[in-house]
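# Inside the fold
Letter by letter, the chains look like this.
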Amino acid sequence: MKVFITQEIPEIASKLLKAKNIEVSVYPKNKPISKNELLKSIKNVDAVISLLTDKFDAIILDKMSNCKVIANYAVGFNNIDIKHAKQKGITVTNTPDVLTDATADLAIALTLACARRFVEGVELVHLKKFNGWLPKLLLGVELKNKVFGILGAGRIGTATAIRAKSFGTKIIYFSNSRNLFLENKIAAKKVSLEFLLKHSDIISVHLPLNPKTFHLLDKKKLLLLKEKAIFINTARGDIVDEKALINILKRGKIFAAGLDVYENEPVLNPDLYKLKNVVLLPHLGSATIDARNNMAILAAKNVIAVLSGKKPITPVN
Ligand code: DGY
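Residues numbered from 1 in each chain as written. Predicted model: local features only at pLDDT ≥ 70, side-chain atom pairs only at ≥ 80, totals over all residues. Heavy atoms only, no water.

## Observations regarding the nonpolar core
Leu 217, Leu 222, Leu 225, Phe 231 and Leu 245 are the most contacted members of the largest nonpolar core, which has 33 residues in total. Looking at this core, the elements that each hand over two or more residues are β6 (147-151), α9 (193-199), β9 (202-205), α11 (242-250) and β11 (256-259). If sequence neighbours within four positions are ignored, Leu 217 has contacts with Leu 151, Leu 193, Leu 197, Val 205, Leu 222, Phe 231, Ile 239, Val 240 and Asp 241. If you look at the next biggest cluster of nonpolar residues, it comprises 25 residues, including Leu 99, Ala 296, Ile 304 and Leu 307. (Core = buried A, V, L, I, M, F, W, Y, C linked by side-chain atoms within 4.5 Å. Buried < 20%, exposed > 50% of the residue type's maximum accessible area, 1.4 Å probe, protein only. Helix = DSSP H or I, 4+ residues; strand = E, 2+ residues; numbered from the N terminus. Contact = heavy atoms within 4.5 Å.)

If you want it as structure tokens, here you go:
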């Protein structure tokens, strides 16, 4: 059996696979694999461990005649045509749970960075422009008693809500189904999307990207945001109409945005660089040593399960 890993991930994945006599090859370059290189590398393999940057569309999937499983090294799987994979008999798996805390931590870090204007402060010090304490220097906003709106109350949304509550915020959430855990534990209230956008002081996006959520936050919806709102996205860039978001940021319609994800990742809209009221990160949601190790273990275990005829641990199709 052969597995192709599209990028170097923690060594533990290869160790687990090799221990089961599975041959492992890894894409050697330290950048996302190109479509042509991917096509060449996946032809005769039994399994692939893929990244969220690898697009597995029908063209690619049709070339994977031996492949039984694609284990995506991410919780999101919008990079894979899962319906087509299913038709081809390819199981697709992801890495939920193991990155929940890391991503929720980052959502809160972005919230605080926006609320307390970290980036502007750091820049000021580095530019040697800190000339002494001033009553009006970089005034931010406090979280206590603010309304924290969770858009998508799945695992990461739930973990973010729990953290946000500890700052004294009131939690409201928008989700397809009720989250009784959040309702019982921290008195969170389920509301409509429009209500959440109109009434939240902080909006944190935790939805999966799919045709229903693509540009869910379009110009019309973004115009509902409160004047001093803080907008956080650690989910997927395409859920938001980035141009419309930039527009309201430019006009100072909201306080700030903290973004870990972008519509055309890794290409950023050049206007984003010009804005003062943004905190921009390079998709670091799951970027902790613990989360990435556990993601590697889970991806490898999913491959091993499928190749040995067992049920995968975390299938998505
Ligand atoms: C994922 O796993 O989908 C996250 O975006 C990683 O940060």
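## Observations concerning empty space enclosed by the protein
In total, this model carries one cavity of 30 Å³ or more according to the counting rule given. Taken as a whole, the largest cavity encloses approximately 40 Å³ of empty space. In terms of lining residues, the largest cavity is bounded by Asn 233, Gly 237, Val 240, Glu 242, Leu 245, Leu 259 and Val 261. (1 Å grid on protein atoms, 1.4 Å probe; cavity = no way out; pocket = protein on both sides within 12 Å on 5 of 7 lines; lining within 4 Å. Points joined across faces, edges and corners; volume = space filled by probe spheres on them.)

## With respect to the environment of Asp 238
Mapped onto the elements of the fold, Asp 238 is located in the loop between β10 (230-233) and α11. Spatially, the C-alpha atom of Asp 238 lies 7.1 Å from that of Leu 209, the residues being 29 residues apart in sequence. Excluding residues within four positions of it along the chain, Asp 238 makes contact with Leu 209, Thr 213, Phe 214, His 215, Tyr 262 and Glu 263.

## A look at the sheet that holds strand β1 (residues 2-5)
By definition, the strands of a sheet pair up through backbone hydrogen bonds, in either a parallel or an antiparallel sense. Ordered by their spatial adjacency, five strands build an open sheet running β2-β1-β3-β4-β5, and the pairing between neighbours is parallel. One side of each edge strand has no neighbouring strand; the edge strands of this open sheet are β2 (23-26) and β5 (91-93). On average, adjacent strands in this sheet sit at an angle of 15 degrees to one another, irrespective of strand direction. As paired strands, strand β4 (residues 69-72) and β5 are joined by three bridges and run parallel to one another. When the sheet's bridge partners are listed, Ala 71 is paired in β5 with Thr 93. (Pairing = 2+ DSSP bridges. Axes fitted to C-alpha atoms, helices over the stretch in contact; angles between N-to-C directions.)

## Observations regarding the layout of surface pockets
Quantified by volume, the second largest pocket comes out at close to 250 Å³. In terms of lining residues, the second largest pocket is bounded by 14 residues, among which Arg 116, Gly 121, Leu 137, Leu 138 and Leu 139 are the most central. Residue composition of the lining of the second largest pocket, by class: 10 nonpolar, two polar and two charged. (Nonpolar A, V, L, I, M, F, W, Y, C, P; charged D, E, K, R; others polar.)

## Here we look at the pattern of salt bridges
Side-chain pairs of opposite charge can arise whenever the charged atoms involved come near each other. Scanning all chains against the criterion turns up 13 salt bridges. We note a salt bridge from Asp 101 to Arg 163, for which the minimum N-O separation is 3.1 Å. Of the two residues, Asp 101 is situated in helix α5 (residues 100-115) and Arg 163 in helix α7 (residues 155-165); the sequence distance between them amounts to 62 residues. Judged by its relative accessible area of 46%, Asp 101 falls in the partly exposed class. A single network of salt bridges, built from pairs that share partners, joins Asp 101, Asp 105 and Arg 163. (Salt bridge = Lys/Arg side-chain N within 4 Å of Asp/Glu carboxyl O.)

## Structural notes on α5
Because an α-helix completes one turn every 3.6 residues, residues spaced three or four positions apart along the sequence face the same direction. Along its 16 residues, α5 runs 23 Å from first to last C-alpha, staying within 8% of the 22 Å computed at 1.5 Å per residue. The buried count for α5 comes to 12 of 16 residues, which makes it a mostly enclosed element. Of all the residues in α5, the buried ones are Thr 100, Ala 102, Thr 103, Ala 104, Leu 106, Ala 107, Ile 108, Leu 110, Thr 111, Ala 113, Cys 114 and Ala 115. (Expected span 1.5 Å × (residues − 1).)

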